[in-house]
Amino acid sequence: MTRNRIQVTLLATMIAAALSPAYAATPSPAPATGAPPPAQDTTQDSTAASTAAPATTAAEREKKRRAAEQAVTNLSGVTVTPLRGSLQSAQSIKQDARMVVDSIVAEDIGKLPDNSVADAMQRITGVQVAQGFQGETSSVVIRGLPNVVTTLNGRELFSGVGRSFAFQNLPSTAVKAIKVYKSSEASLLDGGIAGLVDMELFRPFDFEGPKLAATYTQTHSKYTGHSDPNFSVLMSNRWNTDIGEFGALLNTSFMAQHYEYDAVWGDFPKVLTDGSGTPITNGTGNLVAAPNGFGADYNLGRRQRPEINYALQWKPNESTEFYAEGIYDWVSDDYSQPFYFSFPVGAVTPDNLSVGNTCYANQLTGSPYYGQTICDANGGSWTGNTYAATSTQAHQQHGHDIQNSIGVKWHGDRLRLSSDVSLNSSSFNDNTFIIDTFLKGPITTVWNGTAGNQQNWTLGGNPQLDPSNYYLNGLFQTWHTERGKEYAWRGDGTWDINGSFFSYLDFGLRAADHKAEYIGSVEISTPPPGGAGTGNITETPNPANQVVANFPSSFFCNMPTTSAIPVSWLTGCYNYLTGNADALRNFYGLPSGLAAENPGRYYHIDEKTYAAYVQAGYDTELFGMPVDGLMGIRMERVKRRLDAFSYDASTNIYSPLSTSTSAPVYLPNLSFNLHLTDALQLRLVGAKTVSYPGFGQLNPSLSLNPGTINRAGAASSGNPDLKPIKSNNYDASLEWYFAPAGYVSAGVFYRDIDGYIQNYVTDVTINGDAYQLSSPQSAGSGHLDGAEVAYQQFFDFLPGALSGLGVQLNYTYIEGSTRSPQFIGGPVVVSPLQNVSKNNGNAVLMYEKYGVSARLAYNYRSRFIDFFTQPTVAGVNDEVAPANQLDLSVAYDLNKYSTLVLTATNLTGEDLHQYWGDGTSRPRDIRYQDRTIGLGIRLKL
């Protein structure tokens with residue numbers, strides 16, 4: 001990265017004078033406007049763009065950009081084929097943008113290249129995604145950073161008590177375009193050092209007249225064996241009347257999915273001991289490390305996501321437009337999360353132990369063996385009265401996101417004004433019911449090693465298949481509700497100065513009141529009647545608590561097998577637990593209903609934001625070539641009040657706590673665009689940005705989840721003293737647009753970050769019990785830098801059918817680090833940034849001709865640190881090697897009204913692998929990624 005750093009240093013030198021030190025406080029956001037220009041006729045020769053022609057004047061370029069704000073991507077035009085038209089529109093957005101912007105535009109009404117917005121975003125240069133445990137994309141980062149602001153048609157959008165939006169909640173059929181702003185300007189909503197994502201929905205004036213479009217797809221999942229429906233319907237029209245032009249649009253969609261997302265895991269690695277606690281060594285006298293235990297965590301469920309959005313537009317005259325629009329999305333997710341695990345390590349002496357050749361210095365700080373050579377074991381067995389168990393977490397989740405807004409736009413000859421009022425509301429509720437069941441001893445746990453980069457293990461003799469071997473342990477029930485609401489107003493304007501240097505002035509105000517509230521239950525494991533047993537409960541379980549003696553055979557369900565666990569196992573059935581929750585609580589001596597509310601899981605935050613910005617657009621010449629850009633500043637003040645409860649572990653008492661914050665922030669920006677020709681341009685951009693701590697991260701209360709045998713409990717708390725993350729951002733790019741749907745671009749970027757928030761896990765004792773406490777800290781200073789290249793082209797010069805071929809290629813290199821404590825209270829060390837994959841890319845082979853439109857897309861992301869765990873013999877890094885997928889989509893036009901669609905995901909059956917520390921000798925998880933195939937039809941009238 002030396003060369004990249006030299007480039008970045010040159011860029012920083014050019015623009016640093018315009019940037020004063022960032023003053024810590026708490027900023028807020030503002031909207032972005034703009035739409036792609038109308039799609040051009042792609043029937044022209046792809047080599048028609050000339051790089052020798054003189055560049056247009058800055059005034060002409062700005063006039064084109066402003067006209068584009070009122071225009072839309074014309075997806076109903078007959079001269080533009082859908083795939084080329086979408087690429088051309090995305091390219092126009094990139095070329096005409098005032099900042100560094102990449103985007104993806106729907107190929108046709110209801111047709112982004114993936115089912116959800118979250119999945120579609122992985123196709124954008126510099127954007128990385130990851131799947132969560134419920135089998136869908138749930139994490140979106142830009143250039144390795146998760147600190148992203150989300151807007152819908154320029155207005156802030158969020159889910160639950162978070163600051164960001166759950167992109168998986170929005171089906172791709174509702175979206176016209178997704179823009180990713182990688183650099184900032186004063187008019188953009190602030191709060192994301194990574195960037196801003198703006199999603200645009202369709203409006204009635206996007207179409208020339210009446211429009212009716214529908215999609216229907218059946219998608220089959222490999223692991224569940226189910227096929228699920230997905231559909232959408234869009235209706236739009238516009239009318240000329242005596243009082244102006246009216247437009248109305250209604251779009252509705254529905255996504256459903258049966259899913260199975262299985263994971264097999266190994267607990268944290270530790271020094272291996274015999275039953276008396278004496279360390280075991282290999283043949284050369286070195287210590288040996290082995291997983292603390294072995295387990296599986298499956299997720300089997302059905303998810304439904306209805307969505308509806310509307311838009312009304314009225315133009316009483318050519319200069320004025322009134323509008324009202326809104327979106328409603330809902331999620332309902334009922335899923336079973338069964339666990340299967342055994343913790344024999346350290347409890348009894350192992351047999352048949354084998355040790356590999358991966359050796360290293362013990363990194364467990366505070367250990368009497370710290371620094372000694374330790375080698376990883378790769379197989380063995382343990383026999384004795386050790387703890388092996390199954391447990392089903394029965395989840396019932398539901399939530400919604402709503403946004404409604406009204407606004408007006410007016411433009412005169414030189415002045416443009418707009419005003420917008422919006423209301424956001426979001427909620428999410430989770431209710432989880434659990435009953436633990438354990439196996440009577442003695443138990444033999446067989447570890448067959450780590451072939452396939454996974455933990456392969458079984459129980460000798462398969463006692464997990466016999467219902468009579470199971471005994472009841474604790475009942476655990478938890479629930480939480482989160483709500484978010486925001487009232488926001490903004491007013492924006494642009495004045496055409498037409499001066500000799502400054503050409504226009506942007507200005508605006510924004511005020512918002514954002515409330516976030518979280519309520520959660522007490523989390524206590526209640527033992528069964530008479531207790532689970534005496535002494536070693538696996539050796540002497542309470543006979544009255546044998547499962548088959550208390551519950552019918554319908555209590556147990558068989559779980560699927562995997563390559564890591566090839567034999568099935570029994571656990572409580574989801575339907576039995578949810579259908580008999582009150583009866584089960586009564587059996588355990590608890591009243592019917594839900595667990596009591598816990599003050600330690602409550603917080604209420606009221607955050608008021610006031611912002612103003614002003615920025616000037618300039619244009620001049622340099623060596624006879626046009627130069628334009630922006631120079632501006634955004635000023636914000638955030639007033640925040642936090643109400644929660646603090647916890648005193650010595651007295652086990654919660655006390656009310658209130659804190660307030662109010663401070664200004666000043667965010668300058670400067671850009672320089674050199675137009676070498678109409679097709680070739682250089683961008684240099686500098687800006688200051690901030691990201692605010694998440695609302696949950698600020699909550700000081702302590703939440704306790706009790707541990708199990710041989711495993712500490714889990715505790716979490718926030719930190720009200722967290723500071724905003726501050727960043728000085730620098731970008732440079734060179735872009736050559738050689739065809740209507742063809743370009744090459746290359747860029748470098750640098751982020752100088754201060755106060756990056758990272759989670760730490762610390763071993764603590766609370767009320768005599770061991771817990772692993774996870775808490776966020778403002779980690780310290782750091783940087784992130786990298787480079788991006790992108791290329792797309794259709795090969796029109798090829799003969800015959802081959803002229804329909806095209807490619808899209810993009811690659812992003814990222815590196816970053818922070819100077820932060822290795823653990824809370826520990827020494828300051830240089831650590832990599834979380835979520836940062838050094839190598840990221842997309843390769844897409846496209847074809848469009850003779851009514852066929854196809855994409856074969858491969859997405860790649862290299863290994864990255866997911867988070868920092870508690871100190872272990874392998875250090876603190878928890879690293880992920882993602883499942884890099886190959887996906888296919890094919891569409892065939894049956895006629896001008898209907899198109900047949902085929903989609904397939906994860907064609908090569910890739911899986912996600914997770915590791916303790918570096919290397920591959922300590923697998924943490926293998927997560928079996930599903931494969932899907934879908935067949936559907938799109939109709940358009």
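Residues numbered from 1 in each chain as written. Predicted model: local features only at pLDDT ≥ 70, side-chain atom pairs only at ≥ 80, totals over all residues. Heavy atoms only, no water.

Novice: It is not clear to me how the overall build of the chain should be interpreted in this structure. Could you clarify?
Specialist: When you go through the chain residue by residue, the secondary structure sums to eight helices and 47 strands. In the chain, the share of contacts with a sequence separation of at least 24, taken over all contacts with a separation of at least 6, comes to 74%. (Helix = DSSP H or I, 4+ residues; strand = E, 2+ residues; numbered from the N terminus. Contact = heavy atoms within 4.5 Å.)

Novice: Which parts of the structure should I look at to understand the sheet that holds strand β1 (residues 101-105)?
Specialist: The strands making up a sheet associate through backbone hydrogen bonding, with each pair oriented either parallel or antiparallel. Taken in spatial order, the five strands line up as β1-β6-β7-β4-β5 in an open sheet, and their pairing is mixed. Strands at the two margins of the open sheet, each flanked by one partner only, are β1 and β5 (155-156). Bridge count for strand β6 (residues 175-181) against strand β7 (residues 195-201) is six bridges, and the pairing is antiparallel. Bridged to A177 within β7 is E200. (Pairing = 2+ DSSP bridges.)

Novice: Whenever I open this one, the confidence of the model for the chain confuses me. Can you help?
Specialist: Any segment with low pLDDT has predicted coordinates that should not be analysed in fine detail. Averaged over all residues, the pLDDT of the chain is 87; the fraction at 70 or higher stands at 89%. Within the chain, the lowest mean pLDDT, 36, falls on helix α1 (residues 2-15), and the highest, 98, falls on strand β20 (residues 457-459). For residues 1-55, every residue scores under 50 in pLDDT, and the model assigns this stretch 157 contacts once sequence neighbours within four places are set aside. For residues 68-79, every residue scores under 50 in pLDDT, and the model assigns this stretch 34 contacts once sequence neighbours within four places are set aside. (pLDDT = per-residue confidence, 0-100.)

Novice: Even after reading the chapter, I still don't get the state of the cysteines, so can you show me in this structure?
Specialist: What is meant by a disulfide is a covalent connection between two cysteines, made through their sulfur atoms. For the structure shown, the criterion picks out two disulfides. The partner cysteine of C359 in its disulfide is C375, sulfur to sulfur 2.0 Å. Looking down the S-S bond of the C359 and C375 bridge, the torsion is 100 degrees, so its handedness is right-handed. Within this pair, whereas C359 is found in strand β15 (residues 350-361), its partner C375 is found in strand β16 (residues 373-384), the two being separated by 16 residues in sequence. When its relative accessible area of 38% is taken as the criterion, C359 is described as partly exposed. (Disulfide = S-S within 2.5 Å. Buried < 20%, exposed > 50% of the residue type's maximum accessible area, 1.4 Å probe, protein only.)

Novice: Mind showing me how you'd approach a nonpolar patch on the surface here?
Specialist: On the surface, Y216, F231, Y892, L894, L900, L902, I933, L935, I937 and L939 cluster together into a nonpolar patch covering about 850 Å² of accessible area. Elements with a minimum of two residues in the nonpolar patch: β44 (898-905) and β47 (932-940). Of all the elements, β47 adds the most residues to the nonpolar patch, at four residues. Here L935 lies in strand β47. (Patch = residues over 30% accessible without salt bridge, like charges linked within 9 Å, V, L, I, M, F, W, Y side chains within 5 Å. Areas by Shrake-Rupley, 256 points an atom, 1.4 Å probe, with all protein chains shown as cover. Salt bridge = Lys/Arg side-chain N within 4 Å of Asp/Glu carboxyl O.)

Novice: When you look at the pattern of salt bridges in this model, what are you seeing that I'm missing?
Specialist: One side chain can pair with another of opposite charge once the charged atoms of both are near each other. Scanning all chains against the criterion turns up 40 salt bridges. A salt bridge links R84 to D796, with the shortest nitrogen-to-oxygen separation between them at 2.7 Å. Of this pair, R84 sits in helix α3 (residues 82-96) while D796 sits in the loop between β36 (781-794) and β37 (805-821); the two residues are 712 residues apart in sequence, bridging distant segments of the chain. Residue classification places R84 among the buried residues on the basis of a relative accessible area of 11%. Across the salt bridge formed by D925 and R927, the nearest N and O atoms sit 3.5 Å from each other. Across this residue pair, the class does not change: D925 and R927 are buried. One salt-bridge network, held together by shared partners, links K94, D102, R143, K182, D731, R751 and E788.

Novice: Got a minute to help me understand the pairing of strand β32 (residues 725-739) in this structure?
Specialist: Every regular strand shows the same layout, with side chains that alternate between the two sheet faces. Of all 15 residues in β32, 13 are buried; the element is thus mostly enclosed. Linking β32 to strand β33 (residues 742-754), which pair antiparallel, is a turn of two residues.

Novice: Could you clarify how one ought to interpret the packing of aromatic side chains in this entry?
Specialist: Centre distance and the angle of the planes are the two values used to describe a pair of aromatic rings. This structure, assessed with the given rule, holds 33 aromatic pairs. Their ring planes at 40 degrees and their centres at 5.4 Å tell us that F294 and W447 sit as a pair that is tilted. You can see F294 sitting in strand β13 (residues 294-317) and its partner W447 sitting in strand β19 (residues 443-447), a full 153 residues away along the chain. For the pair F294 and W447, one class covers both residues: buried. Plain terms: the ring middles of Y737 and Y743 are 5.7 Å apart, the flat faces sit at 35 degrees to each other, and that makes the pair tilted. Judged by its relative accessible area of 8%, Y743 is buried. Among the aromatic residues, those joined into a ring-pair cluster are F294, Y298, Y340, W382, W447, W457 and W569. (Phe/Tyr/Trp six-rings, centres within 6.5 Å; stacked < 30°, edge-to-face > 60°.)

Novice: Sorry, what's going on with α3 here?
Specialist: For an α-helix, the turn length of 3.6 residues means that residues three or four places apart are oriented alike. With 15 residues, α3 extends 21 Å from end C-alpha to end C-alpha; this agrees with the ideal 21 Å at 1.5 Å per step. Counting buried positions over the 15 residues of α3 gives 13, a clear majority of the element. (Expected span 1.5 Å × (residues − 1).)

Novice: Got a minute to help me understand unusual backbone geometry in this structure?
Specialist: Cis geometry is adopted by the peptide bond preceding P442, which originates at G441 and carries an omega value of -5 degrees. Tracing the sequence through the fold places P442 in the loop between β18 (415-439) and β19. In this structure, N835 takes a positive phi of about 75 degrees despite not being glycine. Following the sequence through the fold, N835 ends up in the loop between β38 (828-832) and β39 (839-849).

Novice: Hey, could you run me through the nonpolar core in this one?
Specialist: For soluble globular proteins, nonpolar side chains are generally found buried alongside one another. Grouped together as the largest cluster of nonpolar side chains are 46 residues, with contacts concentrated most on M121, F167, I178, V197 and M199. The residues touching F167, leaving out its near neighbours within four places in the chain, are V117, A118, M121, V140, T150, V197 and M199. In terms of nonpolar packing, the next biggest core, distinct from the first, is built from 43 residues, A290, A296, A377 and L439 among them. (Core = buried A, V, L, I, M, F, W, Y, C linked by side-chain atoms within 4.5 Å.)

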